[in-house]
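# Structural overview for review
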Amino acid sequence: MAKAKQQNYFIKGTLVYRHLKTPDTKFNAAGEYSTKVRVDAEEHERVLALLEPVRDAYIENDPKAEDREDWRKKMPFKKDKESGDFVWSFKQKATHTKADGDTINFSVAIIDASLKPTNANPWGGTVAKLRFTAQPYGMDSSEAYGLSLRPNCVQILELVTGSGGANTEGFEQEEGFEDDGSFVAEEEVEAPVGSDGSEGADF
């Protein structure tokens, strides 16, 4: 029997802590694409109304549900108490090894507002529409039901990118070291994005 195609869902908001163009290997050596999406209360309620039934249907069909009545029912978001916004979490492994040993590679497509593919690397603060699938789970170790939200495409609506230029205000030219271009840049770490989309502490 052919496997049923997973349903796609959409969320629109501001990207935070994203690894969409290049997978993050900090906690997963095989790599993982991930992002958080900050949304207002209205968008949050819309998405929540779509996803809670997916989780609850999984619980209803769980043959062990009667023994798991005390389990928590989780959803992958947190509320920013300062702004009142909600921050949803999405992640997708870069590779998956099947039972037969074959490896499947995943990626997250990035398109512009006119639906054309783009090589732009969106930073935190970028306004985007994210398409994703929802995989329900029941985890014995944490005694919880929940959803894993897996991104597969991002449409950039308002792009924010990193700046290679430094703020030199207050400095004057001095005698000394001059970069001749022979240094290789280390991996750049993005600063946290505040509730207003600016660089700074999150929550």
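Located above this text is the structure these notes cover.
Below you will find a few notes about this structure.

Reading the values: rules and limits
Residues numbered from 1 in each chain as written. Predicted model: local features only at pLDDT ≥ 70, side-chain atom pairs only at ≥ 80, totals over all residues. Heavy atoms only, no water. Helix = DSSP H or I, 4+ residues; strand = E, 2+ residues; numbered from the N terminus. Buried < 20%, exposed > 50% of the residue type's maximum accessible area, 1.4 Å probe, protein only. Contact = heavy atoms within 4.5 Å. Areas by Shrake-Rupley, 256 points an atom, 1.4 Å probe, with all protein chains shown as cover. Pairing = 2+ DSSP bridges. Expected span 1.5 Å × (residues − 1). Salt bridge = Lys/Arg side-chain N within 4 Å of Asp/Glu carboxyl O.

All right, on to the overall build of the protein chain then. Tallying secondary structure elements over the protein chain gives 1 helix and 10 strands in all. For the protein chain, the N- to C-terminal ordering of α and β elements is β-β-α-β-β-β-β-β-β-β-β. Burial statistics for the protein chain: of 203 residues in total, 32% are counted as buried. Of all intrachain contacts in the protein chain linking residues separated by at least 6 positions in sequence, the fraction that spans at least 24 positions is 68%. When the accessible area of the protein chain is evaluated, it comes to approximately 13,900 Å², of which 48% is carbon and sulfur surface.

A few words now on unusual backbone geometry. Unlike most non-glycine residues, Tyr 17 shows phi in positive territory, near 50°. Structurally, the position occupied by Tyr 17 is in strand β1 (residues 9–24). Positive phi is not limited to glycine here, since Leu 115 has a value of about 80°. Within the secondary structure layout, Leu 115 lies in the loop between β8 (109–111) and β9 (127–139). Leu 115 sits in the exposed class, given a relative accessible area of 60%.

Looking now at the pairing of strand β2 (residues 32–39). A large share of β2 lies buried, amounting to 6 of its 8 residues. Two strands pair when backbone bridges link them, and β1 and β2 are joined in this way by 5 bridges, in the antiparallel orientation. Bridging across to β2, Asp 24 finds its partner in Glu 32. Sheet topology note: the β2/strand β5 (residues 86–93) ladder contains 8 bridges and is antiparallel. Considered in β5, the bridge of Glu 32 is made with Lys 93.

Turning our eyes to something else, we now look at helix α1 (residues 41–60). In a regular helix each residue adds 1.5 Å, so 20 residues correspond to 28 Å; α1 covers 28 Å between its end C-alpha atoms and thus fits that length. Inspection of α1 places Glu 43, His 44, Val 47, Leu 48, Leu 51, Arg 55 and Ile 59 among the buried residues, and these make up the whole buried set.

What follows concerns the pattern of salt bridges. Overall, the coordinates contain 5 salt bridges when judged by the stated rule. Salt-bridge contacts for Arg 38 lead to Asp 80; the nearest nitrogen and oxygen are separated by 2.8 Å. Note that Arg 38 is positioned in strand β2 and Asp 80 in the loop between β4 (77–79) and β5, a separation of 42 residues in sequence. For the pair shown, Arg 38 and Asp 80 are each scored as buried.

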